[in-house]
Amino acid sequence: MIGCGVVHGTHCDALANVDGAKLTGVYDVVPERSKASGEKYGVPAAESLEALFDLVDVVNICVPSGLHAEIGTKAA
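Residues numbered from 1 in each chain as written. Predicted model: local features only at pLDDT ≥ 70, side-chain atom pairs only at ≥ 80, totals over all residues. Heavy atoms only, no water.

Since there are 3.6 residues in each turn of an α-helix, residues three or four apart along the chain are aligned in direction. Three or more residues of helix H1 (residues 8–15) are buried, namely His-8, Gly-9 and Cys-12. End-on view of H1: buried residues confined to an arc of 100°, all on one side of the axis. (Buried < 20%, exposed > 50% of the residue type's maximum accessible area, 1.4 Å probe, protein only. Helix = DSSP H or I, 4+ residues; strand = E, 2+ residues; numbered from the N terminus. Arc of directions from axis to C-beta.)

For Val-59, the position within the fold is in the loop between helix H3 (49–53) and helix H4 (68–75). Looking at Val-59, the relative accessible area reads 28%, which means it is partly exposed. In this structure the C-alpha to C-alpha distance between Val-59 and Ile-71, which are twelve residues apart in sequence, comes to 9.7 Å. Those residues in contact with Val-59, other than ones at most four positions away along the chain, are Ile-2, Phe-53 and Ala-75. (Contact = heavy atoms within 4.5 Å.)

Counting through the fold element by element, Gly-3 comes out in the segment before H1. Among the residues examined, Gly-3 registers a relative accessible area of 4% and is labelled buried. Note: C-alpha distance between Gly-3 and Asn-60 (57 residues apart in sequence) is 8.6 Å. Leave out the neighbours within four places in its chain, and Gly-3 touches His-8, Tyr-27, Asp-28, Cys-62 and Val-63.

Structure, rendered in structure tokens:
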């Protein structure tokens, strides 16, 4: 999960209902948000996008829409 703002919790909760899917890490540019989310969901809070990419197979981008392309490109 990239972005630990308001909407990310909805996405994390929904992910728990998808067969075969599992939240494996979170990242936010605000380290305190990453840490709080990681603790809440019991997953690692990555310190960078690159560190998150090492933990996951798929990303869910929950940041302002103007940043989607930049982050999506890095994820690809």
